[in-house]
Amino acid sequence: MSKTKALDFIKKYTMIIVLIVVTAFFAWRTEGAILLPMNVSSLISQNAYVFILATGMLLCILTGGNIDLSVGSVVCFVGAIGAVLMVNRNVNMWVAILAMLFVGLLIGAFQGFWIAYVRIPPFIVTLSGMLAFRGLSNTVLNGMTVSIKDCTTFVNLFGGGANCYIPDLFGNGSINMTCVLAGVVAAVIYILIQIKGRIDRSKKGYEVESLAATIGKIVLISAVILAFTYRLAQHKGIPSVLIWVLIVIMVYGYITSNTTVGRYFYAVGGNEKATKLSGINTNKVYFLAYLNMGFLAALAGMVTIARMTSAQPTYGQNYEMDAIGSCFIGGASAYGGIGTVPGVIVGAVLMGVINLGMSLMGVDQNMQKVVKGLVLLAAVIFDVVSKRGGKLIAKN
């Protein structure tokens, strides 16, 4: 491999390499505790909201580096409404779920209108939303905690109960064979998709990576899938919240890479004026980004109250920072137009590994925030400097 190709490879897979190195470091420092089946399962359950919110935040960032500061407060507000409806009002669970999704969409549409059509800066609109919906959460809950422990179906459905795992269809042994089989099926599907994609690109005359690189990537990612599901199988199997996360990842991964609407987000972030001149309604693209953010914030709200088995006025604090950080660490550009759903998930996993690893090492919570802040800054510096051809100091 030539030096140029090696540098291109490192640049393309920087965050994956960093994730491997960081995981190896914490595995060494915790004497393998971070890789225990229970901790691998906890990594998914504790960071499910990050995966969901970061996927939605990516669409906002793609439109030009815009962000949504209100998602943490919206998560709290939606969760508060759902808990009050199910517990205090005895509303049917499915009706409460629809109500939460409707409220999320309504909030997304409200903020999207001011951003897209009135052209008030997203920072101002969502900062206002962060304050307003935090206050409304307190009002709905009357400053109290509402427990949803008795709403067992809801809690288990969204991954918060002791039984919130996909049952083993092949018995109750020490290894969850359903989880193992799911891992094998997922690996096979991934291999087939990669092979089909390579064949299609070759037929159309597009440039394809070397066969050795393709085989290496397939083997590595398939091994990760199998190892991950085997670890889950050693605990209790597939957490039900992982199903929701996978649905979000697959749906939005497909939308951003294989649909016309998905490409509009990249186009607006790349050059809004040119996009508008080509006949694309850029106002609608902005509106869809924030409408979608409201929808996913509602889903994250359900996941959050299910995991906590309660709703509190303090839930959702700093959730927006976790989502934004995951996007930038995962390769999304601070200027918009660049970023992928898989990259965002890598960023979210890296943040989760850092949190879990430092917690297992007994690192002080304040120092954990310092480390996370420095990691985010380093990711953005890498993005900005790489766009300047490696020059650290900008020209006047």
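That block above? That's the structure.
None of the values given here were measured: they were computed from a predicted structure. (Residues numbered from 1 in each chain as written. Predicted model: local features only at pLDDT ≥ 70, side-chain atom pairs only at ≥ 80, totals over all residues. Heavy atoms only, no water.)

A few points about the overall build of the protein chain
A count of helices and strands for the protein chain gives 16 helices and two strands. For the protein chain, whose C-alpha radius of gyration is 22 Å, the value lies close to the compact-globule estimate of 21 Å for 396 residues. The buried share among the 396 residues of the protein chain stands at 45%. The contacts in the protein chain between residues at least 6 apart in sequence include a share of 78% that link residues at least 24 apart. Within the structure as shown, the protein chain displays about 20,100 Å² of accessible surface, and the carbon and sulfur contribution to it stands at 68%. With 28 positive and 13 negative side-chain charges, the protein chain shows a separation of 7 Å between the mean positions of the two kinds. (Helix = DSSP H or I, 4+ residues; strand = E, 2+ residues; numbered from the N terminus. Rg over C-alpha atoms; globule rule 2.2 N^0.38 Å. Buried < 20%, exposed > 50% of the residue type's maximum accessible area, 1.4 Å probe, protein only. Contact = heavy atoms within 4.5 Å. Areas by Shrake-Rupley, 256 points an atom, 1.4 Å probe, with all protein chains shown as cover. Lys, Arg positive; Asp, Glu negative; His and termini not counted. Charge placed at Lys NZ, Arg CZ, Asp CG, Glu CD.)

Some details on a nonpolar patch on the surface
On the surface, a cluster of nonpolar side chains totalling about 1,000 Å² of accessible area is made up of L169, F170, M177, L181, V184, V185, V188, I189, L192, I193 and L226. A per-element tally of the nonpolar patch places helix 8 (residues 177–203) first, with eight residues. Topologically, V185 is positioned in helix 8. We classify V185 as partly exposed; its relative accessible area is 41%. (Patch = residues over 30% accessible without salt bridge, like charges linked within 9 Å, V, L, I, M, F, W, Y side chains within 5 Å. Salt bridge = Lys/Arg side-chain N within 4 Å of Asp/Glu carboxyl O.)

Side note on the packing of helix 3 (residues 37–62) against helix 10 (residues 240–258)
Look at helix 3 against helix 10: their axes get within 9 Å of each other, and the N-to-C directions meet at 20°. When the axis of helix 3 is compared with that of helix 10, the two are roughly parallel. Crossing of helix 3 against helix 10: the hand is left-handed. The residues of helix 10 that touch helix 3, namely those facing I44, S45, A48, F51, I52, T55 and L59, are V241, L242, V245, V248, Y252 and T256. (Axes fitted to C-alpha atoms, helices over the stretch in contact; angles between N-to-C directions. Parallel < 35°, antiparallel > 145°, perpendicular 65-115°, else oblique. Left-handed = near helix turned anticlockwise from the far one by under 90°.)

Quick notes on the side chain of T214
In this fold, T214 is placed in helix 9 (residues 211–234). A relative accessible area of 6% places T214 in the buried class.

Some details on the nonpolar core
One finds L53, M57, F154, F158 and C327 to be the most contacted residues of the largest nonpolar core, which totals 83 residues. Counting residues in each nonpolar core, the second largest holds 16 residues, with L19, I34, L43 and V353 among its members. (Core = buried A, V, L, I, M, F, W, Y, C linked by side-chain atoms within 4.5 Å.)

A closer look at the environment of Q234
Structurally, the position occupied by Q234 is in helix 9. Taking the C-alpha atoms as reference, Q234 lies 5.9 Å from P37; in sequence the two are 197 residues apart. Setting aside residues up to four positions removed in sequence, Q234 forms contacts with P37, S174 and I175. There is a polar contact of 3.0 Å between the side chain of Q234 and the side chain of R231. (Polar contact = N/O pair within 3.5 Å; in protein donor to acceptor, adjacent residues only side chain to side chain.)

Notes on the environment of D68
Mapped onto the secondary structure, D68 falls in the loop between helix 3 and helix 4 (71–88). Sequence-wise, D68 and Y254 are 186 residues apart; in three dimensions their C-alpha atoms are separated by 22 Å. Beyond its immediate chain neighbours, meaning those up to four positions away, D68 contacts M57, Q111, T126, Y290, M293 and E320. A distance of 2.6 Å separates polar atoms of two side chains, one belonging to D68 and the other to S70.

A few points about the side chain of T282
With respect to the helices and strands, the residue T282 is situated in helix 13 (residues 282–308). Apart from the residues within four sequence positions on either side, T282 is in contact with R119, V268, E272, T275 and K276.

Looking at the packing of helix 14 (residues 319–329) against helix 15 (residues 341–360)
Axis separation between helix 14 and helix 15 bottoms out at 7 Å; the angle between their running directions is 120°. On the basis of the axis angle, helix 14 is oblique to helix 15. In the packing of helix 14 onto helix 15, the handedness of the crossing is right-handed. Contacts between helix 14 and helix 15 involve S326, C327 and I329 on the former and, on the latter, V344, G347, A348, L350 and M351. Looking at the contact of helix 14 with helix 15 residue by residue, the class counts come to six nonpolar, two polar and no charged. (Nonpolar A, V, L, I, M, F, W, Y, C, P; charged D, E, K, R; others polar.)

Concerning helix 3
The terminal C-alpha atoms of helix 3, which comprises 26 residues, lie 35 Å apart, in line with the 38 Å expected from a rise of 1.5 Å per residue. For helix 3, the principal kink sits at N47 and spans about 55°. For helix 3, a buried count of 23 out of 26 residues is recorded, marking the element as mostly surrounded by other parts of the structure. (Expected span 1.5 Å × (residues − 1). Bend = angle between axes of the 7 residues up to and from the residue.)

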